[in-house]
Amino acid sequence: MPARRRKNEDLSSIPYYETTNYINQFVISSTQYFSEQLSEWDDKFRQVDSRFDRCEIGLNLLEKKLDSVENINLLVDALKAKYPNGLDELIGSVKQQTNSSSNNTTNTTTTDGNIPPPPPPP
């Protein structure tokens, strides 16, 4: 149900300069907000890009090291023959060996607190 207007109510419009000020204030505050958000997003994208670059460099170094190994193709073929189901079977085998070897080892840490300092850096 619409509200009833009083008889003496002033129905004049808002002056154009006030309307202009409201619109300008809205545009300014919206622009500042979007600018701040854009700056945050840009920083995050730069961080992600930097991480991707580091990963790419690491992968390139790893590929170069693997390429320098002689007869690497023979090793790859031998692994494929031994583990025909692929990488999952190989990882499972390595985990199983790691778990069994960690269960067989004894604790060799000292409890007297006389741990020697690490050697100086080269």
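Here the structure is a predicted model, which means the values were calculated and not measured.

A. A look at the overall build of the protein chain. In terms of helices and strands, the protein chain carries three helices and zero strands. Starting at the N terminus and ending at the C terminus, the protein chain contains elements arranged as α-α-α. Counting across all 122 residues of the protein chain, residues that qualify as buried make up 3%. For the protein chain, the exposed area adds up to about 12400 Å²; of that, 57% sits on carbon and sulfur atoms.

B. Broad picture of the packing of aromatic side chains. Scanning the model with the defined rule gives two aromatic pairs in all. Look at tyrosine 16 and tyrosine 17: their rings are 6.0 Å apart centre to centre, the planes differ by 80°, and that puts the pair in the edge-to-face class. When its relative accessible area of 67% is taken as the criterion, tyrosine 16 is described as exposed. Judged by relative accessible area, tyrosine 17 falls into the partly exposed class, the value being 48%.

C. Here's a closer look at the pattern of salt bridges. Taken as a whole and judged by the stated rule, the model has one salt bridge. A salt bridge links arginine 46 to aspartate 42; the shortest N-O distance between them is 3.0 Å. On the criterion of helical spacing, the pair formed by arginine 46 and aspartate 42 is a turn pair, its members being four residues apart in helix H1 (residues 16-68). Here aspartate 42 falls in the partly exposed class, since its relative accessible area comes to 33%.

D. Seen up close, the confidence of the model for the protein chain. Confidence in the prediction for the protein chain averages 81 pLDDT; 80% of positions are at 70 or higher. Ranking the elements of the protein chain by mean pLDDT puts helix H3 (residues 87-104) last, at 73, and H1 first, at 94.

Conventions we followed
- Residues numbered from 1 in each chain as written.
- Predicted model: local features only at pLDDT ≥ 70, side-chain atom pairs only at ≥ 80, totals over all residues.
- Heavy atoms only, no water.
- Helix = DSSP H or I, 4+ residues; strand = E, 2+ residues; numbered from the N terminus.
- Buried < 20%, exposed > 50% of the residue type's maximum accessible area, 1.4 Å probe, protein only.
- Areas by Shrake-Rupley, 256 points an atom, 1.4 Å probe, with all protein chains shown as cover.
- Phe/Tyr/Trp six-rings, centres within 6.5 Å; stacked < 30°, edge-to-face > 60°.
- Salt bridge = Lys/Arg side-chain N within 4 Å of Asp/Glu carboxyl O.
- pLDDT = per-residue confidence, 0-100.

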